[in-house]
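One-letter residues, chain by chain:
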Amino acid sequence: MATKGSGNGKSGEIIYMDHAGTTPLDPTVFKAMIPYFTEMFGNPSSIHTVGQGARYALDEARERVAAVLNCRAREVVFTSGGTESDNAAIEGVATALQETGNHIITSNAEHHAVLHTCQHLESLGFDVTYLPVDSYGTVQPESVYQAITDKTTLVSVMYANNEIGTVNPVPEIASAVKQRAVSFPEPLLSTPMQCRQGGSWTWTSADLRSTCSACQGTSSTAPRVPGYCL
Ligand SMILES: Cc1ncc(COP(=O)(O)O)c(C=O)c1O
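A short tour of the structure in this document, coming up. (Residues numbered from 1 in each chain as written. Predicted model: local features only at pLDDT ≥ 70, side-chain atom pairs only at ≥ 80, totals over all residues. Heavy atoms only, no water.)

**Quick notes on the pattern of salt bridges**
Step number 1: Counted by the stated rule, this structure contains two salt bridges.
Step number 2: Measuring nitrogen to oxygen at the nearest pair gives 3.4 Å for the salt bridge that ties Asp59 to Arg55. Of this pair, Asp59 and Arg55 both sit in helix H2 (residues 49-69), four residues apart, which is roughly one turn of that helix.
Step number 3: Arg72 is paired through a salt bridge with Glu75; the nearest N and O atoms lie 3.1 Å apart.
Step number 4: Taking relative accessible area as the criterion, Arg72 reaches 48% and is therefore assigned partly exposed.
Step number 5: Using a relative accessible area of 30% as the deciding quantity, one classes Glu75 as partly exposed. (Salt bridge = Lys/Arg side-chain N within 4 Å of Asp/Glu carboxyl O. Helix = DSSP H or I, 4+ residues; strand = E, 2+ residues; numbered from the N terminus. Buried < 20%, exposed > 50% of the residue type's maximum accessible area, 1.4 Å probe, protein only.)

**A closer look at the pairing of strand E4 (residues 103-107)**
The side chains of a regular strand alternate between both faces of the sheet.
Step number 1: With five of five residues buried, E4 is to be regarded as a mostly interior element.
Step number 2: Burial along E4 is two-sided: the residues His103, Ile105 and Ser107 and Ile104 and Thr106 are all buried.
Step number 3: Across five bridges, E4 lies against strand E5 (residues 127-131) in parallel orientation. Looking at the pairing, Thr106 lines up with Tyr130 of E5.
Step number 4: Between the parallel elements E4 and E5, the chain passes through helix H4 (residues 112-123) in a crossover that is right-handed. (Pairing = 2+ DSSP bridges. Right-handed = clockwise from strand over helix to strand, strands pointing away.)

**So, H4**
Step number 1: Helix length check: H4, at twelve residues, gives a terminal C-alpha distance of 16 Å against a target of 16 Å (1.5 Å per residue), a fit within 8%.
Step number 2: For H4, the complete set of buried residues consists of Ala113, Val114, Leu115, Thr117, Cys118 and Leu121.
Step number 3: With its phi angle positive at about 105°, Gly125 sits one or two positions after the end of H4. (Expected span 1.5 Å × (residues − 1).)

**Re the nonpolar core**
Step number 1: In this structure, Ile90, Ala94, Ile104, Cys118, Leu121, Phe126 and Leu154 are the most contacted members of the largest nonpolar core, which totals 13 residues.
Step number 2: Listing elements by their share of this core, those giving two or more residues are helix H3 (82-96), H4 and strand E8 (212-216).
Step number 3: By residue number, the principal contributor to this core is H3, which donates four residues.
Step number 4: Of all hydrophobic cores here, the second largest spans ten residues; its members include Ile105, Val139, Ala147 and Ile173. (Core = buried A, V, L, I, M, F, W, Y, C linked by side-chain atoms within 4.5 Å.)

Written out as structure tokens, the structure is:
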């Protein structure tokens, strides 16, 4: 994307290429959202018409996200963004399964929203393995396989790296988890991830074979704020 204006002290053009970090808002998304800032701004929990209009739009959006991700609408939880989605997914799974085990696997190239959540869980007594990545920033499925123990309840690997854009082999990692799980109580595979830019959704949670996904909108031409986890 080319942006006119500041940045180099001249009136030159800036070529914006950091779509792994964040994307510009798609004009179609902007247009579709205008009514919710101007007419249908109600609190969706209110019982009056303006609130119910917002409620209807929210429910419809949830259905549409679920259809794209191949899950049930009630499994989609809208959040304030990626950090909250990562927190909810990781802490939610880890604490829900703590009677089963207390071991979490992630990589040392994850977003701080994941790393800090894992560090917090460590302070609560959880055991976290931070896998190294290869020279491309990729998590190797074999290293996940080797790290799983009978106490592992969660493997959390990002889909696309927010700094370098490396796409992890999440389906292969999921296969490694399932193969290894044969001898253990089945661990869960959670994949806090970024959406692909340009709105070109080429995967669903079923494709990724993930049990739980966390996402933020800013890397997929959505506004700065929304995220979801399921
Ligand atoms: C995996 C991951 N989690 C969380 C975030 C932060 O998202 P937010 O700023 O919406 O909280 C990012 C941002 O790039 C991310 O890539």
